[in-house]
Amino acid sequence: MPWGGEPMTTPSGWISIILGLIILVVLIFAFYQVNKTLGEFKVELEKLKSALEETRRNTEEVKKKLEEV
């Protein structure tokens with residue numbers, strides 16, 4: 001302890017704490033964005049799957065009609 005009897009805080013200690021918090025916030029935001037983007041991709045993938053399934057069904061119907069003719 002210095003002469004005053006109070007513990008001395010260094011500015012570099014506070015700077016490293018603040019930088020650590022900023023990095024933590026950035027990492028949390030990045031994780032949130034990745035999850036959001038993956039969720040959107042999931043929705044788009046489901047739409048594509050349903051469109052493919054519908055196209056497959058339509059193709060089978062056309063094949064049956066062509067075989068009848």
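About the thresholds
- Each chain has its residues counted from 1, following the order in which its sequence is written.
- Totals for whole chains, interfaces and linings use all residues, but because this is a predicted model, local features are given only for residues with pLDDT of at least 70 and pairs of side-chain atoms are given and counted only at 80 or more.
- Side-chain numbers here rest on the full set of heavy atoms in the structure, without hydrogens or water.
- UniProt positions are given in the numbering used here, feature names are shortened, and annotations may be inferred rather than shown by experiment.
- Here a strand is any run of E in DSSP of at least two residues, a helix any run of H or I of at least four, and the numbering for each starts at the N terminus.
- To count toward a patch, a residue needs a relative accessible area over 30% and no salt bridge; like charges are then connected within 9 Å, while nonpolar side chains (Val, Leu, Ile, Met, Phe, Trp, Tyr) are connected within 5 Å.
- Shrake-Rupley sampling with a 1.4 Å probe provides the accessible areas, and residues are treated as covered by the protein chains on show and by no other component.
- Put simply, a salt bridge is a Lys or Arg side-chain nitrogen that is within 4 Å of an Asp or Glu carboxyl oxygen.
- Whether a residue is buried, partly exposed or exposed follows from its accessible area with a 1.4 Å probe, protein chains only, as a fraction of its type maximum: under 20%, in between, or over 50%, in that order.

A.B. asks: Sorry, what's going on with the UniProt feature "transmembrane region" (unreviewed entry) in the protein here?
C.D. replies: Those places that UniProt annotates as "transmembrane region" (unreviewed entry) correspond, in this numbering, to residues 12–32. The distance from the first to the last C-alpha atom of residues 12–32 is 30 Å, and the span holds 100% helix and 0% strand.

A.B. asks: How do you make sense of a nonpolar patch on the surface when you look at a structure like this?
C.D. replies: Judged by side-chain polarity, Trp14, Ile15, Ile17, Ile18, Leu19, Leu21, Ile22, Leu24, Val26 and Ile28 come together as a nonpolar surface patch covering roughly 990 Å² of accessible area. By the element assignment, Ile22 lies in helix 1 (residues 11–68). The exposure class of Ile22 is partly exposed, given its relative accessible area of 47%.

A.B. asks: So what exactly am I meant to see when it comes to the UniProt feature "coiled-coil region" (unreviewed entry) in the protein here?
C.D. replies: According to UniProt, the positions carrying the feature "coiled-coil region" (unreviewed entry) are residues 38–69. Spanning residues 38–69, this segment combines 97% helix with 0% strand, and its end C-alpha atoms are found 46 Å apart.

A.B. asks: Help me out: how do you make sense of the pattern of salt bridges in this one?
C.D. replies: Side chains bearing opposite charge may pair, as long as their charged atoms lie close to each other. One pass over the structure, following the stated rule, counts 2 salt bridges. For Lys47, the salt bridge identified is with Glu44, shortest N-O distance 3.8 Å. In this pair, Lys47 and Glu44 are both assigned in helix 1, 3 residues apart and thus about one turn of the helix distant. One salt bridge connects Arg56 with Glu53, and the closest N-O pair in it is separated by 3.4 Å. A residue pair is termed a helical-turn pair when its members lie 3 or 4 positions apart in one helix, as Arg56 and Glu53 do in helix 1 at 3 residues. The partly exposed category is assigned to Arg56, whose relative accessible area is 43%.

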